[in-house]
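Structure at a glance
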Amino acid sequence: MEPASIRTLSRVLERVVEDPEVVSERLLRAHGSANALLGADANKLSLHAPPAVVEHLSAVKAWFRQALHTAALEGPCMYTSDSILNYLQFDLSPLRVEKFRVLYVNANMRLIADDTMGIGNEDGVLASVSEVCRRVLDLSAKYIILAHNHPGGSAKPSDKDVGFTRRFVDAGRFLDFTVLDHIIIAKEKVVSMKSLNLF
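Residues numbered from 1 in each chain as written. Predicted model: local features only at pLDDT ≥ 70, side-chain atom pairs only at ≥ 80, totals over all residues. Heavy atoms only, no water.

**Digging into the overall build of the protein chain**
The helix and strand inventory of the protein chain stands at eight helices and five strands. A total of 199 residues make up the protein chain; the buried ones form 45% of that total. Long-range contacts, defined here as pairs at least 24 residues apart, represent 59% of the contacts in the protein chain between residues at least 6 apart. (Helix = DSSP H or I, 4+ residues; strand = E, 2+ residues; numbered from the N terminus. Buried < 20%, exposed > 50% of the residue type's maximum accessible area, 1.4 Å probe, protein only. Contact = heavy atoms within 4.5 Å.)

**Remarks on the packing of helix 7 (residues 129-139) against helix 8 (residues 159-175)**
In contact at an axis separation of 11 Å, helix 7 and helix 8 are set at 40° when each is read in the N-to-C sense. Judged by the inter-axis angle, helix 7 sits oblique to helix 8. As helix 7 runs across helix 8, the sense of the crossing is right-handed. For the pair formed by helix 7 and helix 8, the contact residues are Val129, Val132 and Cys133 on the first element and Phe164, Arg167, Phe168, Ala171 and Leu175 on the second. When the residues that make up the contact of helix 7 with helix 8 are grouped by side-chain class, the tally is seven nonpolar, no polar and one charged. (Axes fitted to C-alpha atoms, helices over the stretch in contact; angles between N-to-C directions. Parallel < 35°, antiparallel > 145°, perpendicular 65-115°, else oblique. Left-handed = near helix turned anticlockwise from the far one by under 90°. Nonpolar A, V, L, I, M, F, W, Y, C, P; charged D, E, K, R; others polar.)

**Points about the packing of aromatic side chains**
Centre distance and the angle of the planes are the two values used to describe a pair of aromatic rings. By the definition in use, this model includes three aromatic pairs. In this structure an aromatic cluster arises from ring pairing among Phe100, Phe164 and Phe168. Above the ring of Tyr104, the side-chain terminus of Arg135 is found at 5.8 Å from the ring centroid. (Phe/Tyr/Trp six-rings, centres within 6.5 Å; stacked < 30°, edge-to-face > 60°. Lys NZ or Arg CZ within 6 Å of the ring centre and 35° of its normal.)

**Focus: the sheet that holds strand 1 (residues 99-105)**
Ordered in space as 2-1-3-4-5, the five strands form an open sheet in which the pairing is mixed. Whereas interior strands pair on both sides, the edge strands pair on one side only; in this sheet they are strand 2 (111-119) and strand 5 (190-192). Shown here is a sheet whose adjacent strand axes are inclined to one another by a mean of 20°, direction ignored. Where strand 4 (residues 178-185) meets strand 5, three bridges bridge the pair, whose relative direction is antiparallel. Opposite Ile184, over in strand 5, you have Val191 as the bridge partner. With respect to the sheet, helix 7 is in contact with strand 1, strand 2 and strand 3 (143-149), its orientation differing from that of strand 2 by roughly 165°. The strands that helix 8 touches are strand 1, strand 3 and strand 4; relative to strand 4, the one it contacts most, it runs at about 160°. (Pairing = 2+ DSSP bridges.)

**Structural notes on a nonpolar patch on the surface**
On the surface, a nonpolar cluster with roughly 350 Å² of combined accessible area is contributed by Leu137, Phe174 and Leu175. With respect to the helices and strands, Leu137 occurs in helix 7. Leu137 sits in the exposed class, given a relative accessible area of 51%. (Patch = residues over 30% accessible without salt bridge, like charges linked within 9 Å, V, L, I, M, F, W, Y side chains within 5 Å. Areas by Shrake-Rupley, 256 points an atom, 1.4 Å probe, with all protein chains shown as cover. Salt bridge = Lys/Arg side-chain N within 4 Å of Asp/Glu carboxyl O.)

**Remarks on helix 1 (residues 3-13)**
Turning to helix 1, its buried residues number three or more, namely Ile6, Leu9, Ser10 and Leu13. Down the axis of helix 1, the buried side of the element spans an arc of 110°, and every buried residue falls inside it. With respect to the buried face of helix 1, the exposed residues turned more than 90 degrees away are Arg7 and Arg11. (Arc of directions from axis to C-beta.)

Set out below in structure tokens:
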């Protein structure tokens, strides 16, 4: 475990627990990395930390998520914007199961909704193109950004990812919306399928 990670977490916990370095090392060793620790729910955290630490870390994570969400809402929602990528990476990279998200964007390039449309396992996730299209129509969205994580570690888009994305692109031609991008998020890397010219 990297000493820097332990030191940083210790500073976060120094006013919460008497032995922040010991608790920090135990938490990081139990979860394997700071990234995995961010993705752990309260039940998993409570196996290795007292209630005050669990409550504090849950509040810190909620605050970070809200800050990133606010940043994503404030600016134009271009698929290349750091605010969108940071927001998605924070939410999706720590997860141990695959989650498929859709960000809905209006004609002014503003984020108007962010939905989880499917949860799977390490083998993949099923999501309904028709449900996403209904949501597009309900919101009068003009654009969508697709995103999902690869818990296995590789951010390389699979043939299944490419085929699935193209189904959304085809639906958009009929329903007058555009797929801005499909973002693949792994533990340490983010890949834009649009930048790879995969659709």
